[in-house]
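# Examining the three-dimensional arrangement
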Amino acid sequence: MQVRIFSSNCAVRFLVPLVLLPGLSGCFVSPGGESLPDGGPSGSRLRVALAFPPAENFSPYGADATLLSRLGVTEGLTALDANGAAAPALARSWRRVSDRTWRFTLREATFQDGTDVTPAAVASALTHATQAEPAPAALAGVTLDAQGDGDSGIRITTAEPDPVLPMRLSSPSLAILAPKAYGKKGAPTPVGTATGPFEIADVSGGSATLDRYDGYWGGLAHASGIDARFVKDGTARANAVRTGDVDIAEAIPAAQAATLDKATLKEAGTTRTTSLQLNTANGPFKNPRLRAAARTAIDSSALVKGVFEGYADPGAGIFGPAVTWAESKRVKPAGRAKAAGPDGASITLATYDNRPELPEVAQVVQQQLQKAGFTVKLEVREYSRLESDALAGKFDAFIGARNSLLDTGDPVGVLGSDYPCDGAYNLALLCDKQVDRAVARAVETDGTDERQDAAMTAEAAILGTDAVVPLAHQQIIAGVSTKVRGVLLDPYERTLVGAGTRR
């Protein structure tokens, strides 16, 4: 039997390894508005500008799940630390009982409706997640059963051995909500039913109001609340920071970074990689020698300098430098085809404009491919109008940005969804026996180090086909007032404001 036990402390509670800004003076703030040790006032509300509004009425099972975690509303049983390992959240410890069963010990906590976080409530929340349609991405291909175990335990059994279950449970889409959240048909509501330091008070139009939850298990939050605005335009977000209209603005476009005072510009690595996916099933790139020609034509350093203005790293692989262990374990691809002359081969290159840098990236890639001898037609659409055609293989090449650790924190997850023959998000339409075997071995591998090694072996097999050309590993750029302390910029893009964030 393999046993792993984890416990929490103040540093883990506030994810200090992920805190970009200095100034956290302790785990708690005194109620009543007393001054903090550094002289800052307690209780000031935070004004935050976010790039994407809630698209699914704050459902925890879709894209809004990350929005909820970024605002400090929801929590899962676990979180991810700076190195991508599972860290305590609502569960203070856990151990593996058998190949298919784990036992989690809950901390004392309450939901925002005042009810206790009990084993029965947690089991019910996880059961509802397993029954959601479509299933949350973190549960893709996973069958689990959650049952209460004593006064503070929850026992989770999976149909197949799942060595990364503690990491999987850190997904924002597996947030734990109070029983009353599931009282109506449709998606559960996190309003007044979550466990985080802030609770949703009102949502109207392009804004949301959140108040401090005084019963938070981690201690009273420093800020008395959050006034969030959803501002799609990146230039407008940058302007709001510059004029002092907001305290924090996420996702500042690289082109706007120079407009901000250096003291208000904060950056951090992210596990998001921008890549060129080549259609291996039909068209010119069915030929591996033409895929090799495309790879050799790409100069990713020019993209980093010209498009990202230095706020990115050149493409090194599917996993970039923000995946802290990847570089030391990287395996050199072998068996690549020799590049052939394109001889004017005509291709259609597609991308989407939801991320403003992608059309610029596509233009530079178009020029580089044309210089190499390809004839390139560029097609840019909004993502929702592009995805189905891309997955159907209607384009020869596709440029997209993908967070390699977003759903579970497990590196094998993105490999299994994006590159095997039956991958659900296989944009390259790759079907390679060697790749399938390498990914399958990684999926079956237990142990953190061993699983990382297997993931890098699979990455090498994938890169060896030239089905994907990594272009750039992006960085998070945020605008933060000099009066603000404790902003959380993590590489998985799950956090932004926490209990220790204040001005």
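A short tour of the structure in this document, coming up. (Residues numbered from 1 in each chain as written. Predicted model: local features only at pLDDT ≥ 70, side-chain atom pairs only at ≥ 80, totals over all residues. Heavy atoms only, no water.)

Across its full length, the protein chain carries 14 helices and 17 strands. Its C-alpha radius of gyration of 23 Å places the protein chain within 12% of the 23 Å reference for a compact globule of 503 residues. By principal-axis analysis of the C-alpha atoms, the protein chain measures approximately 75 × 55 × 45 Å. By residue count, 56% of the 503 residues in the protein chain fall in the buried class. Long-range contacts, defined here as pairs at least 24 residues apart, represent 70% of the contacts in the protein chain between residues at least 6 apart. Here the protein chain has roughly 20,400 Å² of accessible surface; of this, 49% comes from carbon and sulfur atoms. (Helix = DSSP H or I, 4+ residues; strand = E, 2+ residues; numbered from the N terminus. Rg over C-alpha atoms; globule rule 2.2 N^0.38 Å. Buried < 20%, exposed > 50% of the residue type's maximum accessible area, 1.4 Å probe, protein only. Contact = heavy atoms within 4.5 Å. Areas by Shrake-Rupley, 256 points an atom, 1.4 Å probe, with all protein chains shown as cover.)

On to the environment of Asp247, then. Position of Asp247 among the secondary structure elements: in the loop between α5 (234-242) and β11 (248-249). By relative accessible area, which is 2% here, Asp247 ends up buried. Ignoring anything within four residues of it in the chain, the contact list for Asp247 reads Arg45, Leu46, Arg47, Gly479, Val480, Ser481, Val484 and Arg503. Side chain to side chain, Asp247 and Arg503 meet in a polar contact 3.0 Å long. (Polar contact = N/O pair within 3.5 Å; in protein donor to acceptor, adjacent residues only side chain to side chain.)

Formed by 94 residues in total, the largest nonpolar core has its most connected members in Leu77, Phe104, Ile154, Ile156, Phe319 and Leu415. In terms of residue count, the dominant contributor to this core is helix α14 (residues 448-464) (seven residues). The contact partners of Leu77, leaving out residues within four places of it in the chain, are Pro88, Ala89, Leu90, Ala91, Phe104, Leu106, Val122, Leu126, Ile154, Ile156, Leu169 and Ile176. Listed in part, the 37 residues of the second largest apolar core include Leu290, Ile298, Ala345 and Phe395. (Core = buried A, V, L, I, M, F, W, Y, C linked by side-chain atoms within 4.5 Å.)

Taken together, the six bridges between strand β6 (residues 144-149) and strand β7 (residues 153-158) define a ladder with antiparallel strand orientation. Each residue of the ladder has a partner; that of Gly148, found in β7, is Ile154. Hairpin connection of β6 to β7: three residues between the antiparallel strands, including Gly150 at a positive phi of 80°. (Pairing = 2+ DSSP bridges.)

Taken together, four strands build an open sheet; the order of strands is β4-β5-β7-β6 and the sheet is antiparallel. Looking at the sheet topology across the chains shown, the edges are occupied by β4 (91-96) and β6. Taking each pair of neighbouring strands and ignoring which way they run, the sheet shows an average axis angle of 20°. This element, helix α3 (residues 119-131), spans β5 (101-106), β6 and β7 of the sheet and lies at about 170° to β6. (Axes fitted to C-alpha atoms, helices over the stretch in contact; angles between N-to-C directions.)

Turning our eyes to something else, we now look at helix α10 (residues 357-372). In this model, α10 (16 residues) spans 23 Å end to end at C-alpha, consistent with the 22 Å of a helix rising 1.5 Å per residue. Residues of α10 that are buried include every one of Glu357, Leu358, Pro359, Val361, Ala362, Val365, Gln366, Gln368 and Leu369, and no others. Where α10 ends, the next residue or the one after it, Gly373, has phi of about 115°, a positive value. (Expected span 1.5 Å × (residues − 1).)

Purely spatial values, then, with no claim about function.
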